[in-house]
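Given next are the chains, with one letter for each unit.
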Amino acid sequence: MCAHRGAAAVAAATLTLAACSGGATAQGTPAGNGQSFVSGDRGTTVFGGSNRPLAPAVTGTTLEGTRLSLSRFRGHVLVMNFWGSWCTPCRAEAPTLASLARTLRPAGVAFLGVDIRDTAASAQAFQRSFNVTYPSLNDPGDAIALAFRSTVPPAGIPTTLVISRGGRISARAIGQVSYRGLRELISKTLAQPS
Amino acid sequence: MTGVRIPSSQRAQRGARPGTGVPQRPGGTRAPSAGPLGWLRWAWHHLTSMRTALVLLFLLAVASVPGSMLPQEGIDPQAVQQYYAAHPALAPLLARLSLFNVFASPWFAAIYLLLFASLAGCVIPRTFRLAGSARQQPPRAPANLARLPFAARHETQLAPGEALAAAAAVLSGRRFRLRTGDGWVAAEKGYLREAGNLLFHLALLALLAAICLGGMFGYKANRLLVAGDSFANTATALDAFHPGRAVSPADLQPFMIALDKFQASYITSGALRGQPSRFDALIRYAPQPGVAMRRYNLRVNHPLTVDGVRVFLIGHGYAPVFRVTDGTGRVVFNGPVPFIAAEQSGFTSEGVVKVPDARPRQLGFAGVFLPTAVDAGGKLGSAFPAPLNPAVSLVSYAGNLGMDSGPAQSVYQLDTSGLRQLPVAPRPLAPGQSIKLPDGYGTLTFTGYRQWISLAITYDPGTLPALIAGMTALAGLLLSFFVRRRRMFVRAYPGPGGHTVVDVGGLARSDAAGAFETEFTTLAGEISSADRGSEPAVPAGGPAPGSRAGHAPALDDQTEGE
């Protein structure tokens, strides 16, 4: 009698296994940092005042082969774009980013790309296609993606981060950015002293 | 799940039994008494009944069926999209019922939470009952020991009190738990049975908790890795990522894996020709960035364990390497492209090459990689899965790949709606050979090939606790199966002729085989000889007079009948 109950329980436990796991791919805000944030429209997150996460210190090699460190952009508002030449929304937003980079350069806004899961030949062809003038870091071993893992979500290519002069992430846009939307995020960050 | 719980009808009967003095509760528990508390008690009673648990278990099994019949978001989101396209009217309705995400749906959660409550509601009270039973005193000795399944009688010169003391000494020497009364000794052994039962039930709860722990804090992921490349275990670098409910992307163990070389060995002759015999993926890994890489030979069923995460080798394939020079003379593509095997005997693999930044037109290629290319009567095929004569055969397209706007594309599919097939004579390419495209669109060169592996990454913190709980449950179950609870009773009283009569009775609960018979005979013999040994002066020799050991006649028939 007890054995019957046991068998039933084990069967139940096996089935519960499937039930407990999430199943769905989490896509959205990476919780867990205790960040309080104001969520804007669609995939845009604006981080509030002191809750702005500090951008990790990363160093990489550009597609052209020069070493580049994120710390070099201190004092500038930095727009960081995670992209790949294979990614449709990245191609769709590329003209917007290239144009904003040129327009806002005099205002002290720097742009930096992080090329994800790509080859140098394809990435450089992409930059030529869209007339991208700002540098992009190559990330063959995902070291940069790893460093940004709490801010750039899964399936989050493209993701655009706006980093303040003091090196804090003030906004994040997941998916294709619009000219107006990104410009607004940059303006807000430019208004921040650090 | 609770057979132990006395059914309400029985409880009512017991309450009504004359002589127990327990008055029957009006209405019993079947019909709830007035008030919310009564209803709650009634609901709880039914939830924790075995019937409800079985119904829930059945429901859970039924509820899992659509999860295997319909495409699931968590497993194959592309298939769900295809389903939407194929059944535009039905799909939104199914989505409303969470049928594309069954295992995360509220109604599925409702079933398993109720089942969990039902199990816990059974096991926890049962645990307390068993704990009580394990501490229980032996019952009083029955008046007539001869009626017990096993009985023996002998006479002794000792006074009844002395005879009982001798019997108690024998039984306690055999680690029986004793209880004494006026003219009798009751003894019981085999409490480990209840302990085993207790262990089993507690381990069962622990097992459920461990499985849930794994589901909450574990994750599964996949990654395709081309030889020569490396990746880090971070969500953007994974092809598929299925986290548990409590997993955030920042929780992923930040190990890195680089694939140096992959080698597949195949059987080269006989009936099994072409069957794989061995896969070796020579990898390097580091538990975290900045730590020295270690070497590992990843094989099938020989996973890598790094930082508690297990990495399995689950697939492999070829990635031909292409270099594309566009119409302007610039290299616009140079790298490996994973092709997916379409058949196993020759490992003919299919894939596409997309060159969105070629000028003047975007270029696309679709075709096959043939590890051992053979021309069988004008038809191109692959005769063996190893790369003995690698070749690719491609169809070339130019136009709009559809990658500059619109929805994201699969890297394994070419949307030819905006493309024009180029008039290139179909010809298989050997490594180093090129296709020169017409109209000055450029050149594609098949420069060689690399191999790729596909990895399944699983993290389940509940595995070890579940294993321990499972083994404990098994140990408990075995204890409760093999340890029998058995009781011995001894009564001593003055008999005719000044001797003391010693009655020994024995009873084994749930004793199917005759194992207790031997034990009883031995014990009765020991008690009898202890009495004799303590006798002041008795002539030696002979079995104790009147000693008989055996079954009660009624039980004899039963045992033989089995």
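Conventions adopted
Residues numbered from 1 in each chain as written. Chains lettered and ligands numbered in written order. Predicted model: local features only at pLDDT ≥ 70, side-chain atom pairs only at ≥ 80, totals over all residues. Heavy atoms only, no water. Helix = DSSP H or I, 4+ residues; strand = E, 2+ residues; numbered from the N terminus. Buried < 20%, exposed > 50% of the residue type's maximum accessible area, 1.4 Å probe, protein only. Areas by Shrake-Rupley, 256 points an atom, 1.4 Å probe, with all protein chains shown as cover. Contact = heavy atoms within 4.5 Å. Pairing = 2+ DSSP bridges. Axes fitted to C-alpha atoms, helices over the stretch in contact; angles between N-to-C directions. Parallel < 35°, antiparallel > 145°, perpendicular 65-115°, else oblique. Left-handed = near helix turned anticlockwise from the far one by under 90°. Nonpolar A, V, L, I, M, F, W, Y, C, P; charged D, E, K, R; others polar. pLDDT = per-residue confidence, 0-100. Core = buried A, V, L, I, M, F, W, Y, C linked by side-chain atoms within 4.5 Å. Salt bridge = Lys/Arg side-chain N within 4 Å of Asp/Glu carboxyl O. Phe/Tyr/Trp six-rings, centres within 6.5 Å; stacked < 30°, edge-to-face > 60°. Lys NZ or Arg CZ within 6 Å of the ring centre and 35° of its normal.

**Quick word on the overall build of chain A**
Now for step 1: Each helix and strand in chain A was counted, giving 5 helices and 9 strands.
Now for step 2: Secondary structure elements of chain A occur, N-terminal to C-terminal, as α-β-β-β-β-β-α-β-α-β-α-β-β-α.
Now for step 3: Looking at the 194 residues of chain A, the share that counts as buried comes to 52%.
Now for step 4: Of the roughly 7,900 Å² of accessible surface on chain A, 55% is carried by carbon and sulfur atoms.

**Focus on the environment of Ile 211 of chain B**
Now for step 1: Within the element layout of this structure, Ile 211 of chain B appears in helix H8 (residues 192–217).
Now for step 2: Sequence separation between Ile 211 of chain B and Gly 462 of chain B is 251 residues; the distance between their C-alpha atoms is 5.5 Å.

**Side note on helix H3 (residues 120–129) of chain A**
Now for step 1: Among the residues of H3 of chain A, Ala 121, Ser 122, Ala 123, Ala 125, Phe 126 and Gln 127 of chain A are the ones counted as buried.
Now for step 2: Against the buried residues of H3 of chain A lie strand S5 (77–83), helix H2 (88–104), strand S6 (109–115) and strand S7 (136–138) of chain A together with strand S12 (331–336) of chain B.
Now for step 3: Asn 131 of chain A sits one or two positions beyond H3 of chain A and adopts a positive phi of about 55°.

**Considering the pairing of strand S22 (residues 486–494) of chain B**
Residue and element names in this part refer to chain B.
Now for step 1: Across the 9 residues that make up S22, a large majority, 7, are buried.
Now for step 2: As judged from the 6 bridges shared by strand S3 (residues 184–189) and S22, these two strands associate in the antiparallel manner. Within S22, the position partnered with Ala 186 by the bridge is Phe 489.
Now for step 3: As paired elements, S22 and strand S23 (residues 500–508) share 9 bridges and run antiparallel to each other. Paired with Pro 494 across the strands is Thr 500, a residue of S23.
Now for step 4: Here S22 hands over to S23 after 5 residues, with Gly 497 in that stretch at a positive phi of 85°.

**Remarks on the packing of helix H6 (residues 106–134) of chain B against H8 of chain B**
All names here are of chain B.
Now for step 1: For the pair H6 and H8, interaxial distance at closest approach is 9 Å and the crossing angle is 155°. Classified by the angle their axes make, H6 and H8 are roughly antiparallel. Along this stretch, H6 crosses H8, giving a crossing that reads as left-handed. Note on element contacts: H8 touches H6 through Glu 194, Asn 197, Leu 198, His 201, Leu 202, Leu 205 and Leu 208, opposite Phe 116, Leu 119, Ala 120, Val 123, Ile 124, Arg 126, Thr 127, Leu 130, Ala 131, Ser 133 and Ala 134.
Now for step 2: Its residues placed into classes, the contact of H6 with H8 shows 12 nonpolar, 4 polar and 2 charged.

**Thoughts on the side chain of Gln 451 of chain B**
Residues and elements named next belong to chain B.
Now for step 1: Tracing the backbone through its elements, the reader meets Gln 451 in strand S21 (residues 442–459).
Now for step 2: Residue Gln 451 is classed as buried on the basis of its relative accessible area, which comes to 13%.
Now for step 3: In contact with Gln 451, other than residues within four places in its own chain, are Leu 225, Val 226, Ala 227, Leu 259, Phe 262, His 316, Gly 317 and Tyr 318.

**Quick notes on the pairing of strand S17 (residues 379–382) of chain B**
Residues and elements named next belong to chain B.
Now for step 1: Pairing geometry for strand S16 (residues 373–376) and S17, over 4 bridges, is antiparallel. Looking at S17, one finds that Asp 375 is bridged to Leu 380.
Now for step 2: Connecting S16 to the antiparallel partner S17 that follows it, the hairpin turn spans 2 residues, and Gly 377 within it adopts a positive phi of roughly 60°.

**Description of the confidence of the model for chain B**
All names here are of chain B.
Now for step 1: Across chain B, pLDDT averages 83, with 87% of residues at or above 70.
Now for step 2: Under a pLDDT of 50 for its full length, residues 1–29 has, in the predicted model, 43 contacts with residues more than four places off or in other chains.
Now for step 3: A low-confidence stretch, residues 537–562 (pLDDT under 50), is modelled with 30 contacts involving residues beyond four sequence positions or located in other chains.
Now for step 4: Confidence metrics for the complex model read pTM 0.70 and ipTM 0.78.

**Examining the nonpolar core**
Nonpolar side chains in soluble globular proteins tend to end up buried together.
Now for step 1: Among the nonpolar cores identified, the biggest contains 56 residues, and Ile 257, Phe 322, Val 355, Leu 363, Phe 365 and Ile 457 of chain B are the most heavily contacted of them.
Now for step 2: Here this core takes 6 residues from strand S11 (residues 309–326) of chain B, the largest share from any one element.
Now for step 3: When near neighbours in sequence (up to four residues on either side) are disregarded, Val 355 of chain B contacts Val 324, Val 332, Phe 333, Gln 362, Leu 363, Phe 365 and Leu 401 of chain B.
Now for step 4: Ranked by size, the runner-up nonpolar core spans 47 residues in total, among them Leu 68, Phe 73, Leu 104 and Leu 185 of chain A.

**Topic: the pattern of salt bridges**
Residue and element names in this part refer to chain B.
Now for step 1: Enumeration over the complete set of coordinates arrives at 15 salt bridges over all chains.
Now for step 2: Close ionic contact of Arg 278 with Asp 280 constitutes a salt bridge, the shortest N to O distance being 2.7 Å.
Now for step 3: Salt-bridge contacts for Arg 486 lead to Glu 519; the nearest nitrogen and oxygen are separated by 2.7 Å. One end of the pair, Arg 486, is in strand S22; the other, Glu 519, is in helix H10 (residues 515–534), with 33 residues separating them in the sequence. Taken as a pair, Arg 486 and Glu 519 share a single burial class, namely buried.
Now for step 4: What you see here is one network of salt bridges that share partners, running through Glu 188, Glu 194, Arg 485 and Arg 487.

**A look at the packing of aromatic side chains**
Residue and element names in this part refer to chain B.
Now for step 1: Evaluated as defined, the whole model comprises 23 aromatic pairs over all chains.
Now for step 2: On the numbers, 5.7 Å between centres and 35° between planes, the contact of Phe 150 with Phe 520 is tilted. Taken together, the positions of Phe 150 in strand S1 (residues 150–156) and Phe 520 in helix H10 put the pair 370 residues apart, joining distant regions of the chain. Of the two residues examined, Phe 150 and Phe 520, each falls in the buried class.
Now for step 3: Considering the side-chain rings of Tyr 318 and Tyr 449, the 6.0 Å spacing of their centres and the 75° angle between planes classify their relative orientation as edge-to-face. Placement of the pair is Tyr 318 in strand S11 and Tyr 449 in strand S21, with a sequence separation of 131 residues.
Now for step 4: The buried category is assigned to Tyr 318, whose relative accessible area is 1%.
Now for step 5: Three or more aromatic residues link up through ring pairs in this structure, and these residues are Tyr 318, Phe 322, Phe 339, Phe 347, Phe 369, Phe 446 and Tyr 449.
Now for step 6: Over the face of the ring belonging to Tyr 191 we find Arg 177, whose NZ or CZ atom lies 3.5 Å from the ring centre.

**Concerning the sheet that holds strand S9 (residues 294–298) of chain B**
Residues and elements named next belong to chain B.
Now for step 1: Sheet architecture is open: 4 strands sit in the order S5-S7-S8-S9, paired in antiparallel fashion. Pairing within the sheet leaves two strands with one partner each, and these edge strands are strand S5 (230–232) and S9. The mean inter-strand angle of the sheet, taken between neighbouring strand axes irrespective of direction, is 30°.
Now for step 2: Across 10 bridges, the pairing between strand S7 (residues 256–266) and strand S8 (residues 276–286) is antiparallel. Each residue of the ladder has a partner; that of Ala 258, found in S8, is Arg 284.

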